[in-house]
Amino acid sequence: MLVTLEPFNSYYEHLSSGNRKKVKFKQAIMQPITPITQKFHLSDGREISIETGKLAKQADGSVVVRIDNTMLLATVCSAKEGKEGADFMPLTVEYQEKYAATGRFPGGFFKREARPSEYEILISRLVDRALRPLFPDDYHADTQVLVTLISGEKNTLPDAYAALAASAALTVSDIPFHGPISEVRVARINGQFCVNPPAEHLDDADIDIMVAASMENIVMVEGELKEVSEADMLEALKFAHQEIKIQCQAQLDLAAQVEKAQTKRTYCHETHDEELRKAVWDATYEKTYHIAKQGTGKHERNELFDAVLAEFIETNIPEEERDEKSILAGVYYHDVQKEAMRRMILDEHIRLDGRGLEDIRPIWCETDYLPMAHGSAIFSRGETQSLTTVTLGTKLDEQTIDGAVVEGKNNFILHYNFPAFATGEIKAQRSLSRREVGHGNLALRALKFVIPDEETNPYTVRVVSDILESNGSSSMATVCAGTLALMDAGVKIKKPVSGIAMGLITDKDGSKCVVLSDILGDEDHLGDMDFKVTGTRDGITACQMDIKVDGLSYEILEKALDQARRGRLHILNILEETISEPRAEYKPHVPRIEKMFIDSEFIGAVIGTGGKVIQEMQKETNTTITIEEVGKQGVIEIFSSDKAGIEAAKERINLIIAKPEVGEIYHGTVKSILAFGAFVEILPGKDGLLHVSEWAYERTETLEGILNVGDKLDVKLIEIEDNGKLRLSRRVLLEKPEGWIEPVRPPRPPRPQGGRDGRRDGNRGGGRPFNRDNRGGDRH
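All values derive from a computational prediction rather than experimental measurement.

## Overview of the sheet that holds strand β4 (residues 47-52)
Thinking step 1. Strand order in the open sheet made by the 6 strands is β3-β4-β5-β6-β8-β7, with mixed pairing throughout. Both edges of this open sheet fall to β3 (36-41) and β7 (91-97), since each of them pairs with a single strand only. Here the average twist between neighbouring strands, direction ignored, is 15°.
Thinking step 2. The pairing of strand β6 (residues 70-82) with strand β8 (residues 141-151) spans 9 bridges and is classified as antiparallel. Of the residues in β8, the one forming a bridge with A74 is V147.

Structure, rendered in structure tokens:
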């Protein structure tokens, strides 16, 4: 809002020292701001608007992206000076959903947004990976991008618009950025590609991937597929890129209207010593190339590289200058290592560990390594190793998703852990890292397609991958070890899944290009692409790609996908040699689940008041019992490693849901004793009257002193009255006395059904019908 001062034709009286004065004053008039807005349409006709200049104007850049009733606020701020000693881009990207955006309260005691959920972390990673490669290499100022959901509707997933909002905020700022970029969700539904489809349609999609790109190049891909071919995946990428170009142009059109965006800020975050750079190169390149070509292990190779740098510093930098120049020498030597490795691979097709371009590292596998886990496996590939376990649980173990937009439950959970010792380092074990969340999510997406439905697998499944060694592709090791552990646990997965990480090395002028299979950590760090692909023999189930170079053609991507397929099949052969199919039976110590189906009217009886019945049943039978209403049925699952306990629980439930039948004999429990007889519980929650006349053939005056509460006895159900009351008899189970003649009982008079003489219509006095005007007399 703009504030202006205008004359206000009024006066007020000012009292001062007893004098009365009239003082003229001016009033602030608020003038509405007209923001700058750019609009475009998705291929299905939906309109998206990008607005700047209205909210968060003190940020270096801010926009609001809106589609229908979903709105995202993106802001970016960057320090004016670079971080001292930094040789990287200190970028922070945070995505947060405000619960108020969807009219909900956050959960928890404090009722406010706290640490980010896994969903928010994954979206933050998607945006970060798309933006980070597009900052200048020598820009080292602290930069923070915040994307906030400020209005949301359930059927519009905000993750497909977060990168668009972030990029637009950067584009309208003065921060150096080689964008714009955008990100879209591409789904194939009923054979047709669509962009950013409503959430309710995704269940029918066989392709669901997020693609980020600039006007010229794809920079990031991540998603899940249902055994889709490599050719179909490439078509999805091409479709996505055409949509993204429209969104990038909209950002450029918006920035053209923003004065601040016309001139990017100048900066100088690096100071170089070209003489030192040349000295490092001349003295170390040949030695480094020779070490890279030896095919040594990671730690040995790094020690040899460190020795080369230490020798250079010792012999080429005077002692009094070492503190000043050692760090810079390390930066230049990193460039030497990168160039030596890349030239060796491009020119000689020799890799750091001596393999050829398509060679897979040696693999060994083992299942059933942990005797008490429900399923376990070790998968080792070169210097990367995963120990993975599977645990089978009940519906009570399902993961609850309680986001501002996305809610639900997961019965398949995968966790990935990466301790410091996996790379021989020492780090404090603190909270879960974003990398662990992201790698675990990729492995989960790879495997979830082959998890059977609830009819085949009634369990909640938790897979945990602990990375014990790492030198590249640890997420793909998780996929392979997860497949083995699931089959070891007896989970009837549809097909085995394997995964492989691909790399890319290109020449500066694009004249040479090689694709690497099963990349090492250094090949990932120093290369131009990290492309992870998982799948069965019949197609791809998940993918993740980060591209660091411009001009990557679809032909190269096609070659990488085809090479990945060959590597994936090679690994599948090894997995199937270890265990060819899921175990026929679960292990003896795995709790079993048995299902029962009851009429929904009995659900309350099984649960009991406040859960009393079911809690007592679980305690006494040592089982876990869940009940879920599905349609007009109650589905009961009984979970226990003790077969006898399951049978005891089933018997208890059958008694609860049993309907008493006339003529049946029951072993009941005395619940109370009255003057005219006793009430006996013949089934859980079902009592009948044992009248004193039905105790024995001889006359009995009272049952007091004969029976006590809690006594057990056999009785026969002789009648169910119209009102549902049960009449019991012990007498009919006894031998009749000789000559006994059964007395003739007079017929029971019919019960009144209501009317003037009845009392079932609320007319407790008879006569007048009950209404609002006769409760205390006539009101006329």
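From this point, the discussion proceeds with the structure in view.
## Observations regarding a nonpolar patch on the surface
Thinking step 1. A contiguous nonpolar patch, built from I665, V732 and L733 and spanning about 230 Å² of accessible area, is present on the exposed surface.
Thinking step 2. Relative to the assigned elements, L733 resides in the segment after β31 (726-729).
Thinking step 3. On the basis of relative accessibility, which here comes to 33%, the residue L733 falls in the partly exposed class.

## Considering the packing of helix α1 (residues 118-131) against helix α2 (residues 159-171)
Thinking step 1. Running from N to C, α1 and α2 cross one another at 45°; their axes reach a closest spacing of 9 Å. In terms of their interaxial angle, α1 and α2 are classed as oblique. Between α1 and α2 lies a crossing of right-handed hand. When α1 is examined against α2, the residues Y119, I123, V127 and L131 are found in contact with a partner set consisting of D159, A162, A163, A166, S167 and L170.

## Examining the state of the cysteines
Thinking step 1. Enumeration over the complete set of coordinates arrives at 0 disulfides.
Thinking step 2. A disulfide-free cysteine, C513 has its sulfur positioned 19 Å from the sulfur of C543, the nearest such atom.
Thinking step 3. With a relative accessible area of 28%, C513 lands in the partly exposed category.

## A look at the pairing of strand β22 (residues 529-536)
Two faces make up the sheet, and in a regular strand the side chains alternate between them.
Thinking step 1. A large share of β22 lies buried, amounting to 8 of its 8 residues.
Thinking step 2. Strand direction decides the pairing type here: strand β20 (residues 498-506) and β22, joined by 7 bridges, are antiparallel. Bridge assignment links G499 to a residue of β22, and that residue is T534.
Thinking step 3. Once β22 ends, the chain turns through 2 residues before running back antiparallel as strand β23 (residues 539-547).

## Points about the nonpolar core
Thinking step 1. The biggest cluster of nonpolar side chains holds 158 residues, and the ones touching the most others in it are F379 and F531.
Thinking step 2. Counting 17 residues, the second-largest nonpolar core is a separate cluster that includes V680, L683, L690 and L713.

## Re the packing of aromatic side chains
Thinking step 1. Evaluated as defined, the whole model comprises 9 aromatic pairs.
Thinking step 2. Aromatic side chains F193 and F239 sit 5.7 Å apart centroid to centroid with 25° between the ring planes, which places their arrangement in the stacked category. Taken together, the residues span a long stretch of sequence, with F193 in strand β10 (residues 192-195) and F239 in helix α3 (residues 230-255) at a distance of 46 residues.
Thinking step 3. On the accessibility criterion, F193 (26% relative accessible area) is partly exposed.

Quick notes on the rules
- Residues numbered from 1 in each chain as written.
- Predicted model: local features only at pLDDT ≥ 70, side-chain atom pairs only at ≥ 80, totals over all residues.
- Heavy atoms only, no water.
- Pairing = 2+ DSSP bridges.
- Helix = DSSP H or I, 4+ residues; strand = E, 2+ residues; numbered from the N terminus.
- Axes fitted to C-alpha atoms, helices over the stretch in contact; angles between N-to-C directions.
- Patch = residues over 30% accessible without salt bridge, like charges linked within 9 Å, V, L, I, M, F, W, Y side chains within 5 Å.
- Areas by Shrake-Rupley, 256 points an atom, 1.4 Å probe, with all protein chains shown as cover.
- Salt bridge = Lys/Arg side-chain N within 4 Å of Asp/Glu carboxyl O.
- Buried < 20%, exposed > 50% of the residue type's maximum accessible area, 1.4 Å probe, protein only.
- Parallel < 35°, antiparallel > 145°, perpendicular 65-115°, else oblique.
- Left-handed = near helix turned anticlockwise from the far one by under 90°.
- Contact = heavy atoms within 4.5 Å.
- Disulfide = S-S within 2.5 Å.
- Core = buried A, V, L, I, M, F, W, Y, C linked by side-chain atoms within 4.5 Å.
- Phe/Tyr/Trp six-rings, centres within 6.5 Å; stacked < 30°, edge-to-face > 60°.

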